[in-house]
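Descriptive analysis of the structure
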Amino acid sequence: MIKILKEDLKKIIDYSINSVLPENAVKENLKKIEFKKNKVFLISIGKAAWRMANAAKEELKDKIQKGIVITKYDYGLGNIKNMEIYEAGHPIPDKNSLKATKRAIELIKNLDDDYEILFLVSGGGSALFELPENGVTLDDIQNITSQLLKSGADIEEINAIRKRLSKVKGGKFAKLSYPKQIYALVLSDVLGDKLDSIASGPAYTDKTTTNDVFNIIKKYDIKINTEIKKVLEKERPKNISNTKHIIIGSVKLACEYAMQKAKELGYNPLLLTTMLNCEAKEAGRFFANIAKEEIKSNNPIKKPCAIIAGGETVVMVKGNGIGGRNQELAYSFAIEIEGIENIVFASVGTDGTDGPTDAAGGIVDGDTIKKIKNKGLDPLIFLENNDTYNALEESESLLKTGPTGTNVNDIMILLIN
Ligand SMILES: Nc1ncnc2c1ncn2[C@@H]1O[C@H](COP(=O)(O)OP(=O)(O)O)[C@@H](O)[C@H]1O
Ligand SMILES: O=C(O)[C@@H](CO)OP(=O)(O)O
Ligand SMILES: [Mg+2]
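Residues numbered from 1 in each chain as written. Chains lettered and ligands numbered in written order. Predicted model: local features only at pLDDT ≥ 70, side-chain atom pairs only at ≥ 80, totals over all residues.

1. With respect to the site of ligand 2
Not every one of the 15 residues close to ligand 2 is listed here, only the nearest: Gly123, Gly124, Ser126, Ile198 and Ala199. Secondary structure elements with two or more residues in the shell around ligand 2: helix H5 (125–128) and helix H7 (155–164). The biggest single contributor to the shell around ligand 2 is H5, with three residues. The residue makeup of the shell around ligand 2, split by class, is six nonpolar, seven polar and two charged. (Near = placed C-beta within 6 Å. Helix = DSSP H or I, 4+ residues; strand = E, 2+ residues; numbered from the N terminus. Nonpolar A, V, L, I, M, F, W, Y, C, P; charged D, E, K, R; others polar.)

2. Brief notes about the site of ligand 1
Taken together, 18 residues are adjacent to ligand 1, and Leu149, Val315, Gly323, Gly355 and Asn386 come closest. The residue inventory of the shell around ligand 1, partitioned by class, reads six nonpolar, eight polar and four charged. Two domains share the shell around ligand 1, each providing at least three of its residues, namely domain 1 (2–17 + 252–416) and domain 2 (32–249). (Domains from an automatic or database assignment.)

3. A few points about the sheet that holds strand S11 (residues 398–399)
Within the open sheet, the six strands sit side by side as S7-S8-S12-S9-S10-S11. Their pairing is mixed. For this open sheet the edge positions go to strand S7 (268–276) and S11, each flanked by a neighbour on one side alone. Where strand S9 (residues 343–349) meets strand S10 (residues 361–365), five bridges bridge the pair, whose relative direction is antiparallel. Paired with Phe345 across the strands is Val364, a residue of S10. Each of S7, strand S8 (305–311) and strand S12 (410–416) is contacted by helix H11 (residues 251–264), which is oriented at about 170° to S8, the strand it contacts most. Lying over the sheet, helix H12 (residues 280–297) contacts S7, S8, S9 and S12, oriented at roughly 25° with respect to S12. (Pairing = 2+ DSSP bridges. Contact = placed C-beta atoms within 7 Å. Axes fitted to C-alpha atoms, helices over the stretch in contact; angles between N-to-C directions.)

4. Some details on the sheet that holds strand S4 (residues 115–122)
Reading across the sheet, the six strands line up as S3-S2-S1-S4-S5-S6 and stay open at both edges, with parallel pairing between neighbours. Strands at the two margins of the open sheet, each flanked by one partner only, are strand S3 (83–88) and strand S6 (243–249). Neighbour to neighbour, the strand axes of the sheet diverge by 15° on average, direction disregarded. Looking at chain direction, strand S1 (residues 39–45) and S4 are connected through seven bridges and run parallel. In the strand pairing of S4, Phe41 is matched with Ile117.

5. Notes on the packing of helix H2 (residues 23–30) against helix H3 (residues 49–60)
Running from amino to carboxyl end, H2 crosses H3 at an angle of 45°, the nearest separation of the two axes being 8 Å. Between H2 and H3, the angle is such that the two are oblique. Every pair of crossing elements has a handedness; the one defined by H2 and H3 is right-handed. Residues Glu23, Val26, Lys27 and Leu30 of H2 form the contact with H3, whose participating residues are Arg51, Met52, Ala55, Ala56, Glu59 and Leu60. For the contact of H2 with H3, a count of residues per class yields six nonpolar, no polar and four charged. (Parallel < 35°, antiparallel > 145°, perpendicular 65-115°, else oblique. Left-handed = near helix turned anticlockwise from the far one by under 90°.)

Fair warning: the whole summary comes from geometry, so function is off the table for now.
Structure below.
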């Protein structure tokens, strides 16, 4: 029985991710743009950058005369005609992020008046598209990003800081490109599709205030020097007039496709939320509470059922193990439902990489923790040490997809028979 549940769960995940690959969304939404000039320069940033750029090139053909793609290591899928392809560091920017971004700006500065800019944006852009603000070094950005990523801050908070440390975030890329018109197609991986947060809104007005920024620094005890403090006090550009944005996909869509496939496989689907953003291990416990209620009283939906959610949880990384928020969420669920039959649960990053690991997430059931105990290991120590990759590996519960070429946050699916 568990075998079938697991197979079904994998089918649902595959279907959902395949349905939010960006090609169709790019092609459809390009039809909504009325380019005023006859030449297009393409700049595509983020984890979905390669697929988005390739789709745009297929659709617009030679109208795109030049372009640049900046994506994460191993996310490039080869050459695209007339495009320069760069790969760089994520989630912490590296030298190649700066090199590629410098090149993008150089290309844009040299465009003649017949060009408009097509800007394809996906999550991951913050790390990949980066030039430090005056007075800031790459080291500073790496150090502060690393502190923020481990702090439990959510992506809006993290990006509020990133925007101020950068020459291209928080609308500054739009200012740099002025007076060229920018049309932005945006694949959202931020809850609520907030354009000033997705990839730190290079072409969108920053909505955060200096007050917000210093509250975040204080709340998460981020260590900064006086030079950085001065930079953080500087306001971002307002009145950006040369951009138009269209959102072309988000986690809501991934959840809807998961619901559709679950139904087709015979499960009653229920969408809990597309806005999950609490601590990962708390979310895992909460899902376990729901599972227990379901088993006991067929509530909130009649079995067999598929209970689905989307979002992006956070992790306060205190240990020195390896893992990611989806692995931690799934593992904490497993701890709570040890020994319970007819349940399978997965939490998965739609981009295919969860944290600094080669897994997309975890897929667990009532036997997961038993397998760990049978090896003489203590299940709780893995969680305490943020070492859920190893825990899930020991229990054959890692979910691996490889880079998917899309990025619309994380999905969680609970199947109960
Ligand atoms: N050992 C760990 N256990 C759990 N989460 C971790 C661990 N190490 C890093 N993380 C989390 O992984 C996040 C980065 O993961 P990543 O999948 O690259 O994010 P995104 O998909 O949003 O780009 C960090 O914000 C951090 O909270
Ligand atoms: O680039 C970013 O700022 C974020 C959100 O868009 O994406 P990711 O979490 O994938 O790094
Ligand atoms: Mg993210």
